[in-house]
Amino acid sequence: MKTFTLYPAIDLRHGQVVRLQYGDPDRQTTFSDDPVATAQQWLTAGTTWLHVVNLDGAFDEAGRANWDVLPALAALACVQFGGGIRTLDDVKRAMDAGVGRVIIGTAAIENPDLVSQALNQFGPDRVAVGLDARDGRLRTHGWQTDSGLDTISYGQHMYDRGVRQVIHTDISRDGVLTGVNAEASAELARATNLQVIASGGVAGPADIGQSYQYVDDGVSGLIIGRALYDGRLDLTQALRMLSAKGAKSC
């Protein structure tokens, strides 16, 4: 049975559940001021994982309220957490809060040794790297800065350091319901041997099927955000659809 996991996204800004268009902090929609209630909604629908992002941390702001809610979320489900992870102490703090997997984004590019240190201490199942890209080039600091680095080349570098899981986000599609770029995630997986969780642009059930067709290439999951909050995708039905395809959820 192939493993393919759906990750409902809970993006946190100032303690609220929000979605941004194209990662732009000035194009925000707020969906809830209760992240725990939001998490419970997705758990009731059948999920076992949550993808939680500290947007304040990604934008180099403190984001204390977003950290404070982590233990409550981690007590409910397996949490994949990123946003503002800059040091090994940040990684440890997230692990101490109960997080199942930490995502290192900007710091993986600015300080690759941090990735190696985290892998050595916690292992490749609990440490992932976020590869956020526009037109094949990686962006950092909440997607605001062009690093000038090629996504696939840097993915290969991360694999050589011991990374086995990455989250690949097509920024040009994120939050605007234009359809996931599953082909780019599959290309990344094939070129690097990484297990790739696709993200950005999911608009409905067809995107799940489109992503799952690349499971043998190394696309191991899909992050779903606005489509859930807008009611365009029913999580329970999506999980049933995957089960019918013979996919194991985690």
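About the cut-offs
Residues numbered from 1 in each chain as written. Predicted model: local features only at pLDDT ≥ 70, side-chain atom pairs only at ≥ 80, totals over all residues. Heavy atoms only, no water. Helix = DSSP H or I, 4+ residues; strand = E, 2+ residues; numbered from the N terminus. Rg over C-alpha atoms; globule rule 2.2 N^0.38 Å. Buried < 20%, exposed > 50% of the residue type's maximum accessible area, 1.4 Å probe, protein only. Contact = heavy atoms within 4.5 Å. Areas by Shrake-Rupley, 256 points an atom, 1.4 Å probe, with all protein chains shown as cover. Pairing = 2+ DSSP bridges. Salt bridge = Lys/Arg side-chain N within 4 Å of Asp/Glu carboxyl O. Axes fitted to C-alpha atoms, helices over the stretch in contact; angles between N-to-C directions. Parallel < 35°, antiparallel > 145°, perpendicular 65-115°, else oblique. Left-handed = near helix turned anticlockwise from the far one by under 90°. Nonpolar A, V, L, I, M, F, W, Y, C, P; charged D, E, K, R; others polar. Arc of directions from axis to C-beta.

## Digging into the overall build of the protein
In step 1: Each helix and strand counted, the protein has 12 helices and 14 strands in total.
In step 2: Radius of gyration (C-alpha) of the protein: 16 Å, near the 18 Å computed for a compact globule of 250 residues.
In step 3: Taking the principal axes of its C-alpha atoms as reference, the protein extends roughly 40 × 40 × 35 Å.
In step 4: Every one of the 250 residues in the protein was classed for burial, and the buried ones make up 56%.
In step 5: In the protein, once contacts between residues fewer than 6 apart in sequence are set aside, the share between residues at least 24 apart is 71%.
In step 6: Counting only carbon and sulfur atoms, one obtains 42% of the accessible surface of the protein, whose full area is about 10,000 Å².

## Details of the pairing of strand β3 (residues 16-21)
In step 1: Pairing geometry for strand β2 (residues 5-13) and β3, over three bridges, is antiparallel. Paired with L12 across the two strands is V17, which belongs to β3.
In step 2: Between β2 and β3, which pair antiparallel one after the other, the connecting turn spans two residues, and H14 there sits at a positive phi close to 55°.
In step 3: For β3 and strand β4 (residues 24-32), the ladder comprises five bridges, and the chain directions are antiparallel. Bridging from a neighbouring strand, V18 pairs with T30 of β4.
In step 4: As consecutive antiparallel partners, β3 and β4 are separated by two residues, and within that stretch Y22 has a phi angle of approximately 55°, a positive value.

## What to know about the pattern of salt bridges
In step 1: Across all of its chains, the model carries five salt bridges by this definition.
In step 2: In this structure, the salt-bridge partner of R19 is D11, at a minimum N-O distance of 2.4 Å.
In step 3: For R19, a relative accessible area of 5% puts it in the buried group.
In step 4: Classification of D11 by relative accessible area gives buried; the value is 9%.
In step 5: The partner of R190 in a salt bridge is D217, with the nearest N and O atoms 3.5 Å apart. With R190 in helix α9 (residues 182-192) and D217 in the loop between α10 (205-212) and β13 (219-224), the pair connects residues that are 27 residues apart, well separated along the chain.
In step 6: R190 gets classed as partly exposed once you look at its relative accessible area, which sits at 46%.
In step 7: Given a relative accessible area of 28%, D217 falls into the partly exposed group.

## A short note on the packing of helix α8 (residues 151-160) against α9
In step 1: Where α8 contacts α9, the two axes come as close as 9 Å, and the packing angle between them is 45°. By the angle class used here, α8 and α9 are oblique. Crossing hand, α8 versus α9: right-handed. Here T151, I152, G155, Q156 and Y159 of α8 lie close against α9, whose contacting residues are E187, L188, A191 and T192.
In step 2: For the contact of α8 with α9, a count of residues per class yields four nonpolar, four polar and one charged.

## Quick look at unusual backbone geometry
Working note: non-glycine residues mostly have negative phi, and peptide bonds are mostly trans.
In step 1: At D135, a position not held by glycine, the phi torsion is positive, near 55°.
In step 2: Among the secondary structure elements, D135 is positioned in the loop between β8 (127-134) and β9 (137-140).
In step 3: The class for D135 is exposed, based on a relative accessible area of 72%.
In step 4: The backbone of N193 shows a phi angle near 70°, a positive value even though the residue is not glycine.
In step 5: Along the chain, the position of N193 falls in the loop between α9 and β12 (195-199).

## Observations regarding α9
Residues that lie three or four places apart on an α-helix share one face, since the helix turns once every 3.6 residues.
In step 1: Listed as buried for α9 are A182, S185, A186, L188, A189 and T192. The arc that holds the buried residues of α9, viewed along the axis, is 160°, so those residues lie on one side.
In step 2: Buried positions along α9 lie against β8, α8, β11 (165-170), β12, α10 and β13.
In step 3: Residue N193 follows α9 closely and has a positive phi angle near 70°.

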